[in-house]
Amino acid sequence: MGRLRGPFVRFLLLMLIFSTLASAQFTLRTVSSTPPHLEVDKSVNPSKIWIKSLGFTPEKARITLTLRGVGDPAVQSFPIDVVLIVDRSASMAEGEKLEGARYAVSSFLKLLNPEIDRSSLVSFSSSARIDRKLTFNHMQVQEAIMGLSPEGATALGDAIHLANLELSSHGRPQAVLVEILLSDGAANIGSDPVRRAEEAADMGIVIYSIGLGVPTEESLSLLEHVAKLTGGKYYSAPDPANLEGIYREVAQQLSSLAGKNIVVKEVLPDYLNLEGDYTLEPVEVILNPDGTTTIFWDAGFLPIGDTWTVSFNVSSSQGGFLPADVYGETKVAYTDYKGEFASVIFPEVKILVRTVNHPPVADAGADMFVEQTTYQGAMVTLNGSSSFDPDGDSLTYIWTWDGNIVSGESPTVLLPLGETVVMLTVDDGVFSDTDTVKVTVHETTQFTAPLVYEQPSTSIREEVRGIDVESLFRVTFVPFYALFFREIILLSVLLLLVVLLVMMTRSQRIYDRYGEEYMKLLKQFMVHRILVKILYLLLVILAITLFILPILLAIF
């Protein structure tokens, strides 16, 4: 739930804002077309949860508050009071670490405005000391850092403590209070750095931490944590050559702030329960008599182009489509670039809290009668768009038939000739429902044997094996014979008459020539007669086979 500080802390935060307003000073920098300011956003995820204690999941939602610094460089900007904390332990002698720190800090000091910005130097080894108090004369601070020499251990916590004392005692209320901490290792002597960082956060001091060299897991965790506690940022400098760019980036952020003394306030309705799991611990949590909950975060200052965010969990004891905060009370208050008080209200978001889950309703659409589009069947688009969920839950769509399965609201599938019953199953994650649609694919295309130049596939062979030969014969051969039947019969009769006439003429010629010998040749004639009968019989058989049989098949 965070550390409970009581309403007194809230009062002090508000007094800090108004005291800053009263004593604000600013200096001309660069012309701005869009003044620096803060923009806010709010989201809740998931947007649908179950009422707490029903046993369904999810029963928690995560609320996220976001601040963004936007605008152009300001016409006027905040003065800066910065304490440079530099490690001078014995390990800083390795690889010219201290020499790199001297050069980078000197470059940083040149970027400050000597008219409104002040700087100070705190160094540490086995103990910490203030080498130069806050001053407008940045050359004095530069001379002090040039005189540092590496020795001893690493009293990092003591150094933060001395910097805190310098800023709290001599820092200006209208100025941005900053500490830039440079170290190449974890603390191994002196006070606890984390506790000292918490003190800095309570004073409204922001710490930027820089890890020089290849940090150990312990030192990395410590420096990141110190920066996060105060709303600052951690930088890694594997090589001393990286330091100048890091200090330059920090200076640029400090000279282009969208706002400072930023206090974020969230007010939860009485039906929302604060479940914690903060990404950033609040400075105060108040349980109000009316059942609402007020939460405060101190966001320090925010440069233009930077983002500040915090997330936490809530649950609900009431069902319905409910606001996720007390609208108008959830807002951010800050001092703007002119030193004036400003505030922005977070947008209203709502959350659906369910007390009961209704099953979905599946609708596979009306039965369909479609025409064949390929010799295999038809491409059919199924339609489950009329399915719905009474609670508005998102649905999954599964279609199944004859061992096949596809997903999607309206998939296009290949269905075979004839009737196919397709089942649709819709699911909301808890319950499901089914419906069926009957699709009839009607045969409309006449089979045409494909031109195959390669070995036909198995599926084509199976199609050919399934052809009705008798129907094919009737369709192709019978019309041909029926068309020319009369001409063929007349031609056959004429052919028979010609054969008989030839045979009779031959017999008469034999009789006239040979006379008495005719009877002798009669036997030979009988042979010819037999041959004629055989020829006639063959013609009759041929006629029956070629003409009469197909007609009978066509009729019966």
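Residues numbered from 1 in each chain as written. Predicted model: local features only at pLDDT ≥ 70, side-chain atom pairs only at ≥ 80, totals over all residues. Heavy atoms only, no water.

Here we look at the packing of helix 2 (residues 97-110) against helix 3 (residues 138-146)
Right, so step 1: Orientation of helix 2 relative to helix 3, taken along the N-to-C sense of each, is 180°, at an axis distance of 10 Å. Compared by their axis directions, helix 2 and helix 3 come out roughly antiparallel. Along its contact with helix 2, which presents Ala101, Arg102, Val105, Ser106 and Leu109, the element helix 3 presents His138, Val141, Gln142, Ile145 and Met146. (Axes fitted to C-alpha atoms, helices over the stretch in contact; angles between N-to-C directions. Helix = DSSP H or I, 4+ residues; strand = E, 2+ residues; numbered from the N terminus. Parallel < 35°, antiparallel > 145°, perpendicular 65-115°, else oblique. Contact = heavy atoms within 4.5 Å.)

Focus: the sheet that holds strand 2 (residues 37-45)
Right, so step 1: Taken in spatial order, the four strands line up as 2-4-16-13 in an open sheet, and their pairing is antiparallel. The sheet terminates laterally at strand 2 and strand 13 (272-276), the two strands that pair on one side only. Averaged over all pairs of adjacent strands, the angle between strand axes in this sheet comes to 30°, irrespective of strand direction.
Right, so step 2: Relative to strand 16 (residues 307-316), strand 4 (residues 61-70) runs antiparallel, the two sharing eight bridges. The residue bridging Ala61 from the neighbouring strand is Val314, located in strand 16. (Pairing = 2+ DSSP bridges.)

As for the sheet that holds strand 3 (residues 48-50)
Right, so step 1: Reading across the sheet, the three strands line up as 3-20-17 and stay open at both edges, with mixed pairing between neighbours. Since the sheet does not close on itself, it has two edges, and those belong to strand 3 and strand 17 (320-323), each with one partner. Averaged over all neighbouring strand pairs, the angle between strand axes comes to 35°, with direction disregarded.
Right, so step 2: As paired elements, strand 3 and strand 20 (residues 350-354) share three bridges and run parallel to each other. What sits directly across from Ile49, in strand 20, is Val353.

Observations concerning the packing of aromatic side chains
Any pair of aromatic rings gets described here by the distance separating the centres and the angle formed by the planes.
Right, so step 1: Taken as a whole and assessed by the stated rule, the structure comprises six aromatic pairs.
Right, so step 2: A centroid spacing of 6.4 Å and a plane angle of 45° characterise the contact between Tyr278 and Phe312, whose relative ring orientation is tilted. On the criterion of sequence distance, the pair formed by Tyr278 in the loop between strand 13 and strand 14 (284-287) and Phe312 in strand 16 is long-range, its members being 34 residues apart. The burial state of Tyr278 is the same as that of Phe312; both residues are buried.
Right, so step 3: Aromatic rings pair up to connect Tyr278, Trp297 and Phe312 into one cluster.
Right, so step 4: Arg118 extends its terminal NZ or CZ atom over the ring of Phe136, reaching a point 6.0 Å from the ring centre.
Right, so step 5: A cation sits over an aromatic face here: Arg354 above Trp50, 4.6 Å from the ring centre. (Phe/Tyr/Trp six-rings, centres within 6.5 Å; stacked < 30°, edge-to-face > 60°. Buried < 20%, exposed > 50% of the residue type's maximum accessible area, 1.4 Å probe, protein only. Lys NZ or Arg CZ within 6 Å of the ring centre and 35° of its normal.)

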